[in-house]
Amino acid sequence: MTNRDVFMNTYHRLPVTFVRGEGAWLWDVHGKKYLDFTAGIAVNCLGHGHPALVKAVADQSARLCHVSNYFQSDVTAAFAEKLVAACAPSGMRTVFLANSGAEANEGACKIARKYSLKKYGPGRHRIVTLKGSFHGRTVTTLSATGQEKFHQDFGPFTEGFIFVPPGDIDALDRALDAETTAGFLVEAVQGESGVIPQDPAYIEAAARFCAGRDILFMFDEVQCGIGRTGTFLGCEAYGVKPDIVTLAKGLAGGIPVGAVLAGEKAASVFQTGDHGSTFGGNPVTAAAALVVLETVNTPAFLSEIVRKGDKIQKAVRSWKHPRIREVRGRGLMIAVDLDAEAWPVIEAAVTGAGGGNRNAADRSNPGLLMLSAGPMTLRFLPPYIISDEEIDQGLGILKGLLG
Ligand SMILES: Cc1ncc(COP(=O)(O)O)c(C=O)c1O
């Protein structure tokens, strides 16, 4: 399909057109199948065509698609209650529903600034984030993103964001200045820059600094939340209670969604008219998200995520492959550092020898979908429902490609 001309040229799309999905598998227009180690970048957490999710979306679209936030919706209210309950162990009390990770993080920054302004007056609006972080593509969330490469061409940026190196407690201590700082925004596991879990001592220090200085402690859980790392929220692994948590991606299993949750301190910062989103909390999204929450947020399901993730890490380490430098991650969020560029391996798994779709013989070999996280790092974010056999099969394809 050559529809490239009509798109703005923002993505390096691989030459494969998907038409169908089931479980951990996708099929292209030629009928060739691909094992999905990406879940649409941590979105399709229950896999493709999950029967309960499909039914919930179909039933809800037939019943009521959209009403706007000037009215109430039974299913949106049920979703909000269930989501707040799922995040209550991390101290969350209220939620604002949006449509994407960037929009959720915008909401978080607005809450931090208003909280600080109302309590301390102007001049205390700074938000500290980490070098290597990724928080979104809007102008403000780009301003919050600690990676130079995203900053070219789009200034001037939203004022008041500063970046500190991850793990450096002294630098954080200096940056979290009580006179000027409203919030600290951090990913529990940095996804885009290489699947890097935060150091527990660093997060413990950050929690202490934020609480002592009345700076909002905010976790961006857009990629690592909703069970991805084996706990419902990634921050649970650190035993801290944030003031704000943002979610998106996997929350509705493939339907666009975003959420900003607030703990006691920030629960009522937003008042009528402060914030809004036409589609936020859309009933169809809510119906899908209810299925995700009911399915994922059980101890048995979460422990399977841990087991499958450990199985992948152990298997890849056991190869002792000369091209593999390091394997790391948490739950089903895994990085494999290579000795060279990751992109040719990703491309070959889709289009190259053994993964190609040029002729019938090629098409009978399954392909494998993987992501990168930095130039030399492969990233796996498979759907949680992937089976042990499928994991073995996917890793077999990868091993073949590494030679
Ligand atoms: C940690 C994190 N925050 C925010 C975002 C932005 O989310 P979205 O693309 O839904 O705006 C992403 C996307 O990859 C992310 O990984």
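None of these values were measured; they are calculated from a predicted model.

A. Local environment of the overall build of the protein chain. Scanning the protein chain from terminus to terminus reveals 12 helices and 17 strands. Here the protein chain has a C-alpha radius of gyration of 21 Å; the compact-globule value for 403 residues is 22 Å, and the two agree. Projecting the C-alpha coordinates of the protein chain onto the three principal axes gives extents of approximately 70 × 50 × 45 Å. Split into buried and exposed, the 403 residues of the protein chain put 49% on the buried side. Contacts in the protein chain between residues at least 24 apart in sequence constitute 73% of all its contacts with a sequence separation of at least 6.

B. How the structure looks around the domain arrangement of the protein chain. Domain boundaries in the protein chain define domain 1 (4-49 + 299-402) and domain 2 (64-296). Taking only C-alpha atoms into account, the centre of domain 1 sits 28 Å from that of domain 2. Looking at the side of domain 1 that touches domain 2, the elements with two or more residues in it are helix 1 (39-42), helix 9 (299-318), strand 13 (324-330), strand 14 (333-338) and strand 17 (377-380). No other element matches the five residues that helix 9 contributes to the side of domain 1 that touches domain 2. Of the residues contributing to the side of domain 1 that touches domain 2, the split by class is 15 nonpolar, seven polar and three charged.

C. Molecular detail of the pairing of strand 12 (residues 258-263). With respect to burial, strand 12 is a largely interior element, six of its six residues being buried. The alternating pattern of strand 12 places Gly-258, Val-260 and Ala-262 and Ala-259, Leu-261 and Gly-263 on opposite faces, both of which are buried. Direction of pairing for strand 4 (residues 92-98) relative to strand 12: antiparallel, over a ladder of six bridges. Among the inter-strand pairings, Leu-97 is bridged to a residue of strand 12, identified as Ala-259.

D. View of helix 12 (residues 388-402). Given a rise of 1.5 Å per residue, 15 residues ought to cover 21 Å, and the 21 Å separating the end C-alpha atoms of helix 12 matches this to within 8%. A positive phi of about 80 degrees marks Gly-403, the residue just after helix 12.

E. Region of the structure containing the nonpolar core. Counting 113 residues, the largest nonpolar core has Ala-259, Val-260 and Val-292 as its most contacted members. In terms of residue count, helix 8 (residues 283-296) provides more of this core than any other element does, 10 residues in total. If you count residues domain by domain, this core takes at least three from each of domain 1 (4-49 + 299-402) and domain 2 (64-296). Each residue touching Ala-259, except ones within four places of it in the same chain, is listed here: Leu-83, Val-95, Leu-97, Ala-98, Ala-104, Thr-246, Leu-247 and Leu-251.

F. Just the site of the ligand, in detail. The full set close to the ligand counts 14 residues, and Ser-100, Gly-101, Ala-102, Val-222 and Gln-223 are the nearest of them. Take the shell around the ligand: its biggest share by element is three residues, from helix 4 (residues 101-120). Of the residues in the shell around the ligand, the class split is four nonpolar, seven polar and three charged.

G. Geometry of the packing of helix 9 against helix 12. Where helix 9 meets helix 12, the axes come as close as 11 Å, and the angle between the chain directions of the two elements is 30 degrees. On the basis of their axis angle, the class for helix 9 and helix 12 is roughly parallel. For the crossing formed where helix 9 meets helix 12, the hand is right-handed. Two secondary-structure elements touch here, helix 9 through Lys-308, Lys-311, Ile-312, Ala-315 and Val-316 and helix 12 through Asp-388, Ile-391 and Leu-395. Looking at the contact of helix 9 with helix 12 residue by residue, the class counts come to five nonpolar, no polar and three charged.

H. Molecular detail of the sheet that holds strand 10 (residues 216-220). Taken in spatial order, the seven strands make up an open sheet running 4-12-11-10-7-5-6, and their pairing is mixed. Each edge of the sheet is formed by a strand with only one pairing partner; in this case those strands are strand 4 and strand 6 (161-164). The mean inter-strand angle of the sheet, taken between neighbouring strand axes irrespective of direction, is 20 degrees. Bridge analysis of strand 5 (residues 126-130) against strand 6 gives four bridges, and the strand direction is parallel. By the bridge assignment for strand 6, Val-128 is matched with Ile-162. Packed on one face of the sheet, helix 3 (residues 74-87) meets strand 4, strand 11 (244-247) and strand 12 and runs near 135 degrees to strand 4. Strand contacts of helix 7 (residues 200-213): strand 7 (181-187) and strand 10, with the helix running at about 140 degrees to strand 10, the strand carrying the most contacts.

Cut-off values and rules
- Residues numbered from 1 in each chain as written.
- Predicted model: local features only at pLDDT ≥ 70, side-chain atom pairs only at ≥ 80, totals over all residues.
- Helix = DSSP H or I, 4+ residues; strand = E, 2+ residues; numbered from the N terminus.
- Rg over C-alpha atoms; globule rule 2.2 N^0.38 Å.
- Buried ≥ 20, exposed ≤ 12 C-beta atoms within 10 Å, placed from the backbone.
- Contact = placed C-beta atoms within 7 Å.
- Domains from an automatic or database assignment.
- Nonpolar A, V, L, I, M, F, W, Y, C, P; charged D, E, K, R; others polar.
- Pairing = 2+ DSSP bridges.
- Expected span 1.5 Å × (residues − 1).
- Core = buried A, V, L, I, M, F, W, Y, C linked by C-beta atoms within 7 Å.
- Near = placed C-beta within 6 Å.
- Axes fitted to C-alpha atoms, helices over the stretch in contact; angles between N-to-C directions.
- Parallel < 35°, antiparallel > 145°, perpendicular 65-115°, else oblique.
- Left-handed = near helix turned anticlockwise from the far one by under 90°.

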